[in-house]
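Close look at the chain arrangement
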Protein chains: 2
Amino acid sequence: MRVLLTVSYDGTDYCGWQRQKNGISVQQKLEEALSKLYTEQVEVRGSSRTDSGVHALGQGVLAVLKDNISCDKIPRAVNTFLPKTIRVVGAREVKESFHPQYSVIDKTYTYKIQNADYPNPLLYNYSCFEHVPLNEKLMREGASYLIGEHDFKAFCSADTSAKTTVRTIYSINITREGDIITITIKGSGFLYNMVRIIVGTLIEVGKGKYLPSYIGEILNSRDRRKAGKTVIPNGLTLMEVNYNE
Amino acid sequence: MRVLLTVSYDGTDYCGWQRQKNGISVQQKLEEALSKLYTEQVEVRGSSRTDSGVHALGQGVLAVLKDNISCDKIPRAVNTFLPKTIRVVGAREVKESFHPQYSVIDKTYTYKIQNADYPNPLLYNYSCFEHVPLNEKLMREGASYLIGEHDFKAFCSADTSAKTTVRTIYSINITREGDIITITIKGSGFLYNMVRIIVGTLIEVGKGKYLPSYIGEILNSRDRRKAGKTVIPNGLTLMEVNYNE
């Protein structure tokens, strides 16, 4: 049967989701665990290629599995073979037509920024640190220019292999709780490093270095050099993937 | 001058606060950083011996330092020599009479419990996991028996070297936010593993295995075997130390 797994992981100690020759990936660990559980070689396909250091609370993963374990039993069974930093938290059967990438309707990421005088070391692996006070109101105004269907070439790493750089952002929510600013972005899909470049640019707006309206100019320029820097992966978490099936 | 440093650290990768022959301690890292900054051997003394895996957001540390760097400049200066998992977040001069242990009025610890169907791997190093639903109301009722001055022998690891097992607990607050239960304990001081044994016992109360009033019986018995298990260090954080000076 074709099973869609929901997978959470702490990306700190992995070279990212995708199998790599040099480094241990989440995909490798998950395939090893499933292969042990099913006593046969199992391969899986993820919906998002999260980078090294990027976390997930809701990565979608397709696996073709024997039907000797019912879906509600799969998470606990496979978790016994996984390291503590990776957990399968859901499993459901999907149709033959389901594709882990093409069936995606939207994805949601969060990015956490510590905005304080000194960093909290307990959040080091889960945030970026910025001691200059950030104005979230300006950041929200800047973010509004990104909502909708746009060519996001300026917010994409130069070494992209994407056929088109047009994507749709459905929403960007920016909230502050104490020293922690959380940026939640929902979109049809994201280009390579797109969320991290958007966050790096919004930080410049929050500092008052860029006017909010300058985000619109960056977008129109389609020039990566105009946007802010790519922030560290630590603060990024893939929260949810929704599918059309 | 005598300087009281406030130090935060992620205890995951350290053998605890105190210097050890086998393993890297927070104290060692801090002494190395201060010795580099002041170009002379600096030794420090902490207010709490946190165990391996235990975190701190407000450990108090006494250092005797040359007065060539003003207190407000010390944190940033020493942080440049520290790993990202340790941060000095405050520094103030204290009197000759100040003692990092005997001048303590109270200490506050928090312990985080993940109470959900599946663990969130991002919280693995910062909580313990319990999938049986816990009733915080019962836990609060149980905790009330611990408030005040008591002989906490039943809530102390057998291998203690403490002269007396009498301590005072000023308050225990138990709150839930979604899947996370946070237990905040403030006391005059804590015996070896005391907070972790209290939490292990309150979890049994939350599960309904012990009646809340049984906590009073455990206390009176002075028998470690009657209390719950010692929960893992991951969930424990030293939040604050207050001093009389």
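Residues numbered from 1 in each chain as written. Chains lettered and ligands numbered in written order. Predicted model: local features only at pLDDT ≥ 70, side-chain atom pairs only at ≥ 80, totals over all residues. Heavy atoms only, no water.

With that settled, consider the packing of helix H3 (residues 136-144) of chain B against helix H4 (residues 194-207) of chain B. Residues and elements named next belong to chain B. Where H3 contacts H4, the two axes come as close as 8 Å, and the packing angle between them is 135 degrees. Relative to H4, H3 is oriented oblique. For the element pair H3 and H4, the recorded crossing hand is right-handed. Facing H3, whose interface residues are Leu138, Met139, Gly142 and Ala143, H4 presents Leu202, Ile203, Val205 and Gly206. Tallied by class, the residues present in the contact of H3 with H4 amount to 6 nonpolar, 2 polar and no charged. (Axes fitted to C-alpha atoms, helices over the stretch in contact; angles between N-to-C directions. Helix = DSSP H or I, 4+ residues; strand = E, 2+ residues; numbered from the N terminus. Parallel < 35°, antiparallel > 145°, perpendicular 65-115°, else oblique. Left-handed = near helix turned anticlockwise from the far one by under 90°. Contact = heavy atoms within 4.5 Å. Nonpolar A, V, L, I, M, F, W, Y, C, P; charged D, E, K, R; others polar.)

What follows covers the interface of chain A and chain B. Note on interface size: it is often stated as the accessible area lost on association of the parts. Facing 27 residues of chain A, the contacting portion of chain B comprises 27 residues. When chain A packs against chain B, close to 2000 Å² is buried across both sides, 67% of that on carbon and sulfur atoms. A per-residue breakdown of the area chain A buries against chain B is headed by A:Tyr118, A:Pro121 and A:Leu122, which together make up 34% of the total. Taken together, chain A and chain B are joined by 0 salt bridges. Our count for the contact surface shared by chain A and chain B stands at 2 residue pairs in polar contact (both at pLDDT 80 or more). Of all elements in the fold, only strand S1 (2-9), strand S3 (55-64), helix H2 (74-79) and strand S4 (86-93) of chain A reach the threshold of two or more residues within the side of chain A that touches chain B. With 4 residues, the top contributor of residues to the side of chain A that touches chain B is S4(A). Residue classes in the side of chain A that touches chain B are distributed as 13 nonpolar, 7 polar and 7 charged. (Buried area = accessible area lost by both parts, 1.4 Å probe. Salt bridge = Lys/Arg side-chain N within 4 Å of Asp/Glu carboxyl O. Polar contact = N/O pair within 3.5 Å; in protein donor to acceptor, adjacent residues only side chain to side chain.)

By the definition in use, this model includes 11 aromatic pairs over all chains. Ring plane angle 25 degrees and centroid distance 6.3 Å describe the contact between A:Tyr9 and A:Trp17, whose orientation is recorded as stacked. (Phe/Tyr/Trp six-rings, centres within 6.5 Å; stacked < 30°, edge-to-face > 60°.)

All names here are of chain B. Assignment of secondary structure puts Ser35 in helix H1 (residues 26-38). Classification of Ser35 as buried rests on a relative accessible area of 16%. Discounting chain neighbours no more than four positions away, the residues touching Ser35 are Glu40, Gln41 and Val42. (Buried < 20%, exposed > 50% of the residue type's maximum accessible area, 1.4 Å probe, protein only.)

This paragraph deals with the domain arrangement of chain A. Residues and elements named next belong to chain A. Entries for chain A in the domain assignment read domain 1 (2-93) and domain 2 (105-243). Taking the mean C-alpha position of each, domain 1 and domain 2 sit 27 Å from one another. The interface of domain 1 with domain 2 comprises 17 residues on the first partner and 16 residues on the second. Carbon and sulfur atoms make up 52% of the area that domain 1 and domain 2 hide from each other, which totals about 1200 Å². Applying the counting criterion to the domain 1 and domain 2 interface returns 1 salt bridge. When the shortest N-O distance is used, the salt bridge between Asp51 and Arg196 registers 3.6 Å. For the side of domain 1 that touches domain 2, the class distribution of residues is 4 nonpolar, 10 polar and 3 charged. (Domains from an automatic or database assignment.)

Take helix H5 (residues 214-221) of chain B next. Residues and elements named next belong to chain B. Those residues of H5 lying buried are Ile215, Gly216, Ile218 and Leu219. Considered in projection along H5, the buried side chains sweep an arc of 160 degrees and stay on one side of the axis. Where H5 ends, the next residue or the one after it, Arg222, has phi of about 55 degrees, a positive value. (Arc of directions from axis to C-beta.)

With that settled, consider helix H1 (residues 26-38) of chain A. All names here are of chain A. An ideal rise of 1.5 Å per residue puts 18 Å on 13 residues; H1 measures up with 18 Å between its terminal C-alpha atoms. Turning to H1, its buried residues are Val26, Gln27, Gln28, Leu30, Glu31, Ala33, Leu34, Ser35, Leu37 and Tyr38. Buried residues belonging to H1 abut S1, strand S2 (44-46), S3, H2 and S4. After H1 finishes, the residue Thr39 shows a positive phi value of roughly 45 degrees. (Expected span 1.5 Å × (residues − 1).)

All names here are of chain B. Most of strand S3 (residues 55-64) sits out of view: 8 of its 10 residues are buried. Note that strand S1 (residues 2-9) and S3 share 7 bridges and pair antiparallel. Bridge pairing links Arg2 to Val64 in S3. Pairing between S3 and strand S10 (residues 236-243): 2 bridges, direction parallel. Considered in S10, the bridge of His55 is made with Thr237. (Pairing = 2+ DSSP bridges.)

The next point concerns the pattern of salt bridges. All names here are of chain A. Using the criterion set out here, one finds 18 salt bridges over all chains in the structure. Among the ionic pairs, Arg222 bridges to Asp151, the shortest N-O distance being 2.5 Å. Of this pair, Arg222 sits in the loop between helix H5 (214-221) and strand S10 (236-243) while Asp151 sits in strand S7 (residues 148-151), placing them 71 residues apart in sequence. The partly exposed category is assigned to Arg222, whose relative accessible area is 40%. One connected set of salt bridges, linked through shared partners, spans Glu130, Glu204, Lys207 and Lys209.

What follows covers the nonpolar core. Counting 70 residues, the largest nonpolar core has A:Leu5, A:Leu34, A:Ile74, A:Ile113, A:Phe155 and A:Ile183 as the members making the most contacts within it. With 8 residues, helix H4 (residues 194-207) of chain A is the largest single contributor of residues to this core. Inspection of this core shows a minimum of three residues originating in each of domain 1 (2-93) and domain 2 (105-243) of chain A. If we skip the residues at most four places from it in the chain, A:Ile74 touches A:Met1, A:Val3, A:Leu5, A:Tyr38, A:Leu65, A:Ile69 and A:Ala91. If you look at the next biggest cluster of nonpolar residues, it comprises 69 residues, including B:Val44, B:Ile86, B:Ala227 and B:Val231. (Core = buried A, V, L, I, M, F, W, Y, C linked by side-chain atoms within 4.5 Å.)

The backbone of A:Arg222 sits at a positive phi, close to 55 degrees, despite the residue not being glycine. A positive phi is found at B:Asn193, a non-glycine position, where the angle reads about 65 degrees. Classification of B:Asn193 by relative accessible area gives buried; the value is 15%.

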